[in-house]
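Here is how the chains run, residue by residue.
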Amino acid sequence: MMTTFVIKITALGLAKLAAVSAGGATVNLTQMAVGDGSGNPTTPDPMQTALVREVYRTMINSLRVDTNDLTIMHAEMLIPSNVGGFAIHEVGVFDQDGALFAVGNFPATWKPVAADGSTRDMIIDAAMKVHNASSITLVVDTQYVGATRQWVISTITRAYIIPGGTTHQVLRKINNADGNTEWADQTDANILVDVIKERQVAAAGQDTFTLNVCTTDGVAVYVEGSRQHEFQVLTGVSLKLSIALPLGAEVLFVQNEPNEPLKIPKRIKFIGYYIGQI
């Protein structure tokens, strides 16, 4: 006969939820525990006030409402890799008064430690049907809350760290305090840079130029006012255009200050693109 694994709200838990419905304070869940059932499978009993034999207890890592069923709460505990060397047959959820709020049986599982030749972090998720999720809150002690590797990989993304903004907006500092930034349109961004310009006049058929003022670090090249996107950087101060120029053609090299701190800044308006690099 197949064993059914369930989580049941205990009589104490149901009494506390009834008190909430009568106008009492919400139930604050704080801890979860696992037990080995004294070496045997267990059957959750709503009259239980403790696990058969508790082997590990910790603060609840997270508490959330099921997105598919708003009457189900998920309580999660993390058993770190350095804790173990015991079997798990049962799990319990406790409130801030230490009362067993919910109890469940668990598929026989060995929680290893390094001495067993293998170890891992272990997450246990207890799904409890409470009918009114607002009756329950989580009391978090941040020094005990841990982030699993998978949670970090799936959650700490660029969108999580820097949310918001729209296409073509830039992120700017509001003030000098760490983390104080905001998204702004480029026309309002007031980005200030110091620029270097150098003009040369081409000889007949000239395609290679040696720079005297600028360097090739992020330089932009304009020939008779037209941006030249194709050129080859030869050295830090020389480059070769993809075309040979006629006699007298004016060549403008423009570069954001690459090595020095900003001095008296000159304002550059963004019109379609910006020159060089910041």
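Everything numeric here is computed off the predicted structure, so don't read it as measured data.

Draft legend 1. View of the overall build of the protein chain. Within the protein chain, the secondary structure is distributed over three helices and 20 strands. A fraction of 67% describes how many contacts in the protein chain between residues 6 or more apart in sequence connect residues 24 or more apart. Element-wise, carbon and sulfur atoms account for 54% of the exposed surface of the protein chain, whose accessible area totals about 16,600 Å².

Draft legend 2. Main features of the packing of aromatic side chains. Inspection of the entire model under this criterion finds one aromatic pair. The side chain of R57 reaches across the aromatic face of F94, ending 3.8 Å from its centre.

Draft legend 3. Just helix 1 (residues 11-21), in detail. Every buried residue belonging to helix 1 is among G13, L17 and V20, and all of these are buried. Along the axis of helix 1, the buried residues cluster in a sector spanning 50 degrees; they form a single face. At the C-terminal side of helix 1, G23 shows a positive phi close to 105 degrees.

Draft legend 4. Geometry of the pattern of salt bridges. In total, this model carries eight salt bridges according to the counting rule given. In this structure, E54 engages R57 in a salt bridge whose closest nitrogen and oxygen atoms are separated by 2.9 Å. Taken together, the shared-partner salt bridges in this structure form one network comprising K16, D95 and D97.

Draft legend 5. Seen up close, a nonpolar patch on the surface. Together, I156, Y160, I161, I162, L171 and W183 make up a nonpolar patch on the protein surface, roughly 560 Å² of accessible area in all. With respect to the element layout, W183 can be found in strand 11 (residues 181-184).

Draft legend 6. Inspection of the side chain of H89 at higher detail. Among the secondary structure elements, H89 is positioned in strand 6 (residues 86-95). Each residue touching H89, except ones within four places of it in the same chain, is listed here: G35, D36, G37, G39, N40, P41, T42, G104, N105, F106 and A108.

Draft legend 7. Summary view of the environment of N212. Along the polypeptide, N212 turns up in the loop between strand 14 (206-210) and strand 15 (220-223). Separated by 26 residues in the primary sequence, N212 and S238 have C-alpha atoms spaced 9.2 Å apart. Setting aside its immediate chain neighbours within four residues, N212 contacts E198 and Q200.

Draft legend 8. Just the sheet that holds strand 14, in detail. Taken together, three strands build an open sheet; the order of strands is 14-18-17 and the sheet is antiparallel. What marks the edges here is a single partner per strand, and that holds for strand 14 and strand 17 (231-235). Ignoring which end each strand starts from, the neighbouring axes of this sheet average 25 degrees apart. The sheet contact formed by strand 14 and strand 18 (residues 238-245) spans four bridges and is antiparallel. Opposite F209, over in strand 18, you have L239 as the bridge partner.

Rules used in this analysis
- Position numbers for residues start from 1 in each chain and track the written sequence from start to end.
- A pLDDT threshold of at least 70 governs which residues receive local features in this predicted model, and a stricter bar of 80 or more applies before side-chain atom pairs are shown or counted, although totals over entire chains, interfaces and linings include all residues.
- By convention in this description, side-chain values take in all heavy atoms of the structure and omit both hydrogens and water.
- Under the DSSP-based scheme used, a helix requires at least four consecutive residues in state H or I and a strand at least two consecutive residues in state E, with every element numbered from the N terminus.
- In what follows, residue pairs with any heavy atoms lying within 4.5 Å of each other are defined as contacts.
- Per-residue and other accessible areas follow the Shrake-Rupley method at a 1.4 Å probe size, with only the shown protein chains counted as cover for residues.
- Each aromatic pair joins two rings of Phe, Tyr and Trp (for Trp, the six-membered one) with centres within 6.5 Å, and gets the label stacked for planes under 30 degrees apart, edge-to-face for over 60, and tilted for any other angle.
- Criterion for a charge above a ring: Lys NZ or Arg CZ within 6 Å of the ring centre, and within 35 degrees of the ring normal.
- Note on classification: 1.4 Å probe, protein chains only; a residue is buried when its accessible area is under 20% of the maximum for its type, exposed when over 50%, partly exposed between these limits.
- For this quantity, the arc is that covered by the directions from the helix axis to the C-beta atoms.
- Salt bridge, as used here, is a side-chain nitrogen of Lys or Arg placed within 4 Å of a carboxyl oxygen of Asp or Glu.
- Exposure above 30% relative accessible area and the absence of a salt bridge qualify a residue for a patch, where like charges join within 9 Å and nonpolar side chains (Val, Leu, Ile, Met, Phe, Trp, Tyr) within 5 Å.
- DSSP-based pairing: two strands are paired if at least 2 bridges between them are found.
- Every angle, taken between N-to-C directions, lies between 0 and 180 degrees, and every axis is a line fitted to C-alpha atoms, over only the stretch in contact when it is a helix.

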